[in-house]
There are 2 protein chains.
Amino acid sequence: MEDGANRRMSGKLQSELKKRMPFETPEQEALLNLVRTSDRIQFRFARLFREYGLTPSQYNVLRILRGEGSPLPCLEIADRMIAAVPGITGLIDRLEAMELVTRDRSTEDRRVVNVAITAKALELLGKLDGPVGDLHATLVGHLTHAELRELSRLLEKARKSLPE
Amino acid sequence: MEDGANRRMSGKLQSELKKRMPFETPEQEALLNLVRTSDRIQFRFARLFREYGLTPSQYNVLRILRGEGSPLPCLEIADRMIAAVPGITGLIDRLEAMELVTRDRSTEDRRVVNVAITAKALELLGKLDGPVGDLHATLVGHLTHAELRELSRLLEKARKSLPE
DNA sequence: TCGATTTGGTTGACGTGTAAACTATATTCG
DNA sequence: CGAATATAGTTTACACGTCAACCAAATCGA
């Protein structure tokens, strides 16, 4: 608690300094930069997907299914997304209603529900591949490959502090 | 469209390569790294805030109000968060119900609603300052200051491609 | 001055993320 | 075998975030 108290400034001093000292530490600045940049990027992708009637989560599910090439159980999908389990149910519900996936209860283990991608969804993803690649290029195409590698290295190093 | 078509691989080839080629391009790898790292970090902060009964958005609103030092109109708060306008109403509603902010309609312009932080909220933020600083250190403390500066530089350069 | 436009804010509908509790099927072990 | 436990998935409740539509106060302009 000593530690925490020392890091605090008095309210008055703090508000005086707020304008001329936007970041207290390089750690804070880097974290804020990271989160803000990620949010902006995700917003751009969300906008693109929406033009095709998809949300980012829905697109992710379809990408996972296409990448796998065969049906997957719900929990396997949940694992590959970072998302928590319960959200998957509704997500699959809506994809099923749009006829982009089908649900089939496994015969060998009647607890598992296998989710398969439909031809309609594959066609939709096909239409998205070009624009998605273009957006990648737009967003970070102005960084050199060396910079991109360095960025990935730093991000991976940052993630080292996170369990799992 | 030529461009997009060329970037696409046949389904068969693609599924064969999927396992041994997790990223098609350095651009994709960097973007995925960025989003994943940000998500993990935000999850950690969310967990911390939850221990104190706050969501990340609620904490952000309170931080903005404390930083400003005086009441702010709703739209000003919405501006400083990246969030869209309509979500602010409910956010303020809940903070008001928790007695962490007060709402007052301005007398000079009767359209604007000024939101003020309460003493109770200032006390709560005070208790969070230490742990929040500690978490910053935990998450990126193992990067050198040079690395943090380089990370911030690359992220800012990446954001250059984003309008605004 | 009065009608049109702008601006601050709210409401409603929908999709998502999270935690907690619950159902149903499998599995394990005494 | 049969009870305890684990696993796959769903439901419920709540907090967002987004869009579209809306209301009311303020401002602009002929």
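Scroll up for the structure.
Residues numbered from 1 in each chain as written. Chains lettered and ligands numbered in written order. Predicted model: local features only at pLDDT ≥ 70, side-chain atom pairs only at ≥ 80, totals over all residues. Heavy atoms only, no water.

Caption draft 1: Geometry of the relation of the copies chain A and chain B. When chain A is brought onto chain B, the operation consists of a screw motion whose angular component is 180° and whose axial shift is 0.0 Å, with 0.0 Å RMSD remaining. Seen this way, the second copy is the image of the first under a two-fold rotation axis. (Least-squares fit on C-alpha atoms with pLDDT ≥ 70 in both.)

Caption draft 2: Structural context of the protein's contact with DNA strand C. Among the 24 residues in the neighbourhood of DNA strand C, the closest are listed as Thr-55, Arg-94 and Arg-110 of chain A together with Leu-75 and Val-113 of chain B. Here a phosphate oxygen of DNA strand C and a backbone polar atom of Cys-74 of chain B are 3.4 Å apart. Measuring from a phosphate oxygen of DNA strand C, one finds a side-chain N or O atom of Thr-89 of chain B at 3.1 Å. Going through the elements one at a time, α4 (56-68) and α6 (86-97) of chain A together with α5 (74-80) and α6 (86-97) of chain B are the ones with two or more residues in the surface near DNA strand C. The dominant element in the surface near DNA strand C, judged by the number of residues it contributes, is α6 of chain A, at 4 residues. Class assignment of the residues belonging to the surface near DNA strand C gives a composition of 11 nonpolar, 5 polar and 8 charged. (Near = heavy atom within 4 Å. Polar contact = N/O pair within 3.5 Å; in protein donor to acceptor, adjacent residues only side chain to side chain. Helix = DSSP H or I, 4+ residues; strand = E, 2+ residues; numbered from the N terminus. Nonpolar A, V, L, I, M, F, W, Y, C, P; charged D, E, K, R; others polar.)

Caption draft 3: Summary view of the interface of chain A and chain B. Across the contact, 57 residues belong to chain A and 56 residues belong to chain B. Buried surface at the junction of chain A and chain B, summed over both partners, amounts to about 5,800 Å²; 63% is from carbon and sulfur atoms. Together, Leu-31, Arg-40 and Arg-159 of chain A form the three largest contributors to the area buried by chain A at its contact with chain B, with a combined 10%. Across the pair Lys-157 of chain A and Glu-147 of chain B runs a salt bridge whose closest N-O atoms are separated by 3.0 Å. Applying the counting rule to chain A against chain B returns 19 residue pairs in polar contact (both at pLDDT 80 or more). For the side of chain A that touches chain B, the elements supplying multiple residues, two or more each, are α1 (2-7), α2 (11-17), α3 (26-51), α4, α7 (119-140) and α8 (145-159) of chain A. At 18 residues, the largest contribution of residues to the side of chain A that touches chain B is made by α3 of chain A. Classifying every residue of the side of chain A that touches chain B gives 17 nonpolar, 18 polar and 22 charged. (Contact = heavy atoms within 4.5 Å. Buried area = accessible area lost by both parts, 1.4 Å probe. Salt bridge = Lys/Arg side-chain N within 4 Å of Asp/Glu carboxyl O.)

Caption draft 4: Summary view of the sheet that holds strand β2 (residues 101-105) of chain A. All names here are of chain A. Read from one edge of the open sheet, 3 strands run β1-β3-β2, paired in antiparallel fashion. Each of the sheet's edge strands pairs with one partner strand only, and the pair in question is β1 (72-73) and β2. Strand direction decides the pairing type here: β1 and strand β3 (residues 113-117), joined by 2 bridges, are antiparallel. Residue Leu-72 lies in a different strand from β3, and its bridge partner there is Val-115. (Pairing = 2+ DSSP bridges.)

Caption draft 5: Layout of unusual backbone geometry. Residues and elements named next belong to chain A. At Glu-99, a residue that is not glycine, the phi angle is positive and equals roughly 60°. By secondary structure assignment, the location of Glu-99 is in the loop between α6 and β2. On the accessibility criterion, Glu-99 (51% relative accessible area) is exposed. (Buried < 20%, exposed > 50% of the residue type's maximum accessible area, 1.4 Å probe, protein only.)

Caption draft 6: Main features of the protein's contact with DNA strand D. The local shell around DNA strand D holds 24 residues, among which Leu-75 and Val-113 of chain A together with Thr-55, Gln-58 and Ala-84 of chain B are the closest. When the atoms of DNA strand D within 4 Å of the protein are sorted by group, sugar and phosphate make up 77%. A distance of 3.5 Å separates a phosphate oxygen of DNA strand D from a polar side-chain atom of Arg-50 of chain A. At a separation of 3.0 Å, a phosphate oxygen of DNA strand D approaches a polar backbone atom of Arg-110 of chain B.

Geometric values such as these leave the question of function open.
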